[in-house]
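# Fold and contact review
The lines below spell out each chain.
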Amino acid sequence: MNVVVECNRLVKQYGNFKALDELTFSLKENTITGLIGRNGAGKTTLLKILAGFWRETAGEVSVFGKRPFNTLDVSMNVIFVDDMMSFTNTLTLKEILDEAGKFYPNWDHELALGLMDYFQFHLNHNHHSLSKGKRSTFNMIVGLAAKCPLTILDEPTTGMDAAVRKDFYRALLKDYLNSPRTIVISSHHLEEMEDLLEDVLLIDGGKNILHLPIDDLKEYAVALSGKSVAVLQAIEKKEVLYKQNIDADNCYAVVRNDFSHDEMKQLGIGVVPVTPNDLCVYLTNQTKGGIDDVFNKHKSV
Ligand SMILES: Nc1ncnc2c1ncn2[C@@H]1O[C@H](COP(=O)(O)OP(=O)(O)OP(=O)(O)O)[C@@H](O)[C@H]1O
């Protein structure tokens with residue numbers, strides 16, 4: 001399978017601060033990858049570099065074999081969708097779709113109009129008069145109908161209500177099955193996208209924390225819970241991803257899932273799966289313990 005995106009020790013620096021810190025990964029052709037990370041992890045920075053909007057500070061980045069910054073070949077084959085996507089106020093939604101059709105070689109006008117009708121848009125409205133959720137929905141319609149070989153969706157569901165988000169994910173999947181292409185979608189809603197994704201790239205502090213098929217992520221870790229003495233002994237030689245005291249006597253620990261669960265049951269320790277969403281939260285936990293500790297400390301003062 002061809003590689004569409006390749007980053008090798010990619011750095012983006014603002015002053016002394018590294019928003020991307022020697023990030024290395026590649027994306028294969030015709031896959032849907034979820035780009036996951038906490039606020040400030042570097043997702044938008046990465047996506048704007050891939051789209052050719054921003055210049056990298058160091059390292060290598062290639063999209064369709066070319067450095068993306070200011071490269072026409074790349075911009076013709078890439079669409080970047082976010083909630084800041086702006087269109088001229090003088091055009092109606094219909095005129096925007098007509099113009100997009102002239103620009104994107106694979107533009108699917110029938111799909112665009114079908115989605116406009118389904119989501120109850122008025123073709124003679126202006127983009128700036130749309131509500132936040134409607135604007136995101138319209139931008140998503142442009143993103144899908146453009147059928148660009150690399151489709152980048154940065155937090156595309158911002159402002160959409162739960163029903164629209166559900167329809168959006170379904171539309172994305174159906175359209176992808178009809179017209180396979182490389183899609184990167186950044187979101188804080190991993191649990192909603194699980195069925196859609198093939199791979200997950202988790203970044204934190206601008207670094208690659210995990211890049212795995214979603215099915216492997218589901219099996220990656222398990223949580224152990226039980227008496228602290230038993231749990232602490234059981235995790236002594238294991239790779240601990242997260243640990244929290246439940247109360248004075250009980251403890252919860254998330255570890256790599258690379259051992260037999262039977263031995264834990266014999267020790268009276270519960271073993272439960274960890275969802276990909278929870279795993280990502282644990283792997284990027286910036287403080288020790290949890291939010292409860294703030295309140296416990298506050299109470300004890
Ligand atoms: N123009 C800039 N100047 C200085 N720092 C910046 C600039 N743009 C982004 N940053 C910093 O780079 C880091 C990464 O920002 P980025 O917007 O890529 O994160 P993100 O993962 O998309 O976050 P969110 O989920 O909150 O949208 C943040 O600490 C941010 O403050």
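Calculation criteria
Residues numbered from 1 in each chain as written. Predicted model: local features only at pLDDT ≥ 70, side-chain atom pairs only at ≥ 80, totals over all residues. Near = placed C-beta within 6 Å. Helix = DSSP H or I, 4+ residues; strand = E, 2+ residues; numbered from the N terminus. Nonpolar A, V, L, I, M, F, W, Y, C, P; charged D, E, K, R; others polar. Domains from an automatic or database assignment. Contact = placed C-beta atoms within 7 Å. Buried ≥ 20, exposed ≤ 12 C-beta atoms within 10 Å, placed from the backbone. Arc of directions from axis to C-beta. Core = buried A, V, L, I, M, F, W, Y, C linked by C-beta atoms within 7 Å.

Taking an unreviewed UniProt entry as the reference, the chain is identified by name as ABC transporter ATP-binding protein belonging to Ornithinibacillus hominis.

### Thoughts on the site of the ligand
In the vicinity of the ligand, the contacting residues are Y14, A19, G37, N39, G40, A41, G42, K43, T44 and T45. No other element matches the three residues that helix α1 (residues 43-50) contributes to the shell around the ligand. Considered class by class, the residues forming the shell around the ligand number three nonpolar, six polar and one charged.

### So, the domain arrangement of the chain
We note that the domain assignment places domain 1 (3-217) and domain 2 (218-300) within the chain. Summarising the inter-unit geometry, the C-alpha centres of domain 1 and domain 2 are found 34 Å apart. Counting from both sides, the interface comprises 16 residues of domain 1 and, opposite them, 10 residues of domain 2. Elements with a contribution of two residues or more to the side of domain 1 that touches domain 2: α7 (190-193), β8 (199-204), β9 (207-213) and α8 (214-219). Broken down by element, the side of domain 1 that touches domain 2 gets its largest block of residues, four residues, from α8.

### A word on helix α11 (residues 276-283)
Note that an α-helix has 3.6 residues per turn; residues three or four places apart therefore point the same way. Within α11, the full set of buried residues consists of P276, L279 and C280. Projected down its long axis, α11 carries its buried residues within an arc of 100 degrees, all on one side. Of the surrounding secondary structure, the elements contacted by the buried residues of α11 are β3 (32-36), α7, β8, α8 and β10 (221-227).

### Quick word on the nonpolar core
One finds L50, V63, V78, I141, I152 and L224 to be the most contacted residues of the largest nonpolar core, which totals 72 residues. It is helix α5 (residues 132-145) that contributes the most residues to this core, six residues altogether. Here this core spans two domains, since at least three of its residues come from each of domain 1 (3-217) and domain 2 (218-300). Those residues within four positions of I141 in sequence are excluded, and the remaining contacts are A112, L115 and M116.

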